[in-house]
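# Observations on chain architecture
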Amino acid sequence: MANYKSLFMSYMDSSNVKYSEPREDVVKVVFKGDNLKSIPIFVFFDKDGKPLVSLICGEITNFKGNKVTTGILSCNDMNNKYSWVKFYVNDDGNVHAKIDVDIDNNTCGRVCLSLIVRMAKIIDEAYPVFMKAQWT
């Protein structure tokens, strides 16, 4: 069985992309955007070694109290605009972004890094929409 996390980290090393390992099954990559100073994306690898990976960026912004509905509507707008990333509001009112992907030994690193870059760009583009909705 392939160790997809190791394959991914080897690809990141060969691409000179910095990352950290906050947990045994997780790799964290942080990007800087034009609208967000920090876009931390966590890459979750299946603990059982299955070829499934989840990329998650949490707490992009928060829609508290009576703004939760506004946050959900903003996420729906962004989900209609960007089909690669799923935006959602969790129980605490935090906006999260997620991509799930099925990988294989040959494409693990390339596919994951490509999706991480795409995700960071989409989050950075969506951030002003969330801010506008939050303050109107």
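Data block above holds the structure.
I will try to describe carefully the structure that is included in this document. (Residues numbered from 1 in each chain as written. Predicted model: local features only at pLDDT ≥ 70, side-chain atom pairs only at ≥ 80, totals over all residues. Heavy atoms only, no water.)

With that out of the way, let us pick up the environment of Val85. Along the chain, the position of Val85 falls in the loop between helix H2 (68-81) and strand E5 (86-89). Counting along the chain gives 15 residues from Val85 to Asp100, while the straight-line C-alpha distance between them is 8.9 Å. (Helix = DSSP H or I, 4+ residues; strand = E, 2+ residues; numbered from the N terminus.)

One non-glycine residue, Asn16, lies in the positive phi region at around 55°. Here Glu59, not a glycine, exhibits a phi torsion of approximately 55°, which is positive.

Let us look at the side chain of Asp124. Along the chain, Asp124 turns up in helix H3 (residues 108-135). We note that Asp124 is buried and unpaired, the nearest opposite charge coming from Lys121 at a distance of 9.4 Å. One polar contact links the side chain of Asp124 to the main-chain amide nitrogen of Leu36, over a distance of 2.9 Å. (Buried < 20%, exposed > 50% of the residue type's maximum accessible area, 1.4 Å probe, protein only. Lys, Arg positive; Asp, Glu negative; His and termini not counted. Salt bridge = Lys/Arg side-chain N within 4 Å of Asp/Glu carboxyl O. Polar contact = N/O pair within 3.5 Å; in protein donor to acceptor, adjacent residues only side chain to side chain.)

A word on H2. The terminal C-alpha atoms of H2, which comprises 14 residues, lie 20 Å apart, in line with the 20 Å expected from a rise of 1.5 Å per residue. Within H2 the residues assigned to the buried category are Gly71, Ser74, Cys75 and Met78. Buried residues of H2, seen end-on, are gathered within an arc of 105° and therefore sit on one face of the element. The outward face of H2, more than 90 degrees from its buried face, is lined by the exposed residues Thr69 and Asn80. Buried positions along H2 lie against E5, strand E6 (95-102) and H3. (Expected span 1.5 Å × (residues − 1). Arc of directions from axis to C-beta. Contact = heavy atoms within 4.5 Å.)

This part covers the layout of surface pockets. Of the volumes computed, that of the largest pocket is approximately 210 Å³. Contributing to the lining of the largest pocket are 13 residues, with Asn3, Phe45, Asp46, Lys47 and Gly49 lying nearest its centre. (1 Å grid on protein atoms, 1.4 Å probe; cavity = no way out; pocket = protein on both sides within 12 Å on 5 of 7 lines; lining within 4 Å. Points joined across faces, edges and corners; volume = space filled by probe spheres on them.)

Orientation of helix H1 (residues 4-14) relative to H3, taken along the N-to-C sense of each, is 70°, at an axis distance of 8 Å. Put simply, H1 runs roughly perpendicular to H3. In the packing of H1 onto H3, the handedness of the crossing is right-handed. Residues Tyr4, Leu7, Phe8, Tyr11 and Met12 of H1 lie in contact with H3, whose contacting residues are Cys108, Gly109, Arg110, Cys112, Leu113 and Ile116. Grouping the constituent residues of the contact of H1 with H3 by class yields nine nonpolar, one polar and one charged. (Axes fitted to C-alpha atoms, helices over the stretch in contact; angles between N-to-C directions. Parallel < 35°, antiparallel > 145°, perpendicular 65-115°, else oblique. Left-handed = near helix turned anticlockwise from the far one by under 90°. Nonpolar A, V, L, I, M, F, W, Y, C, P; charged D, E, K, R; others polar.)

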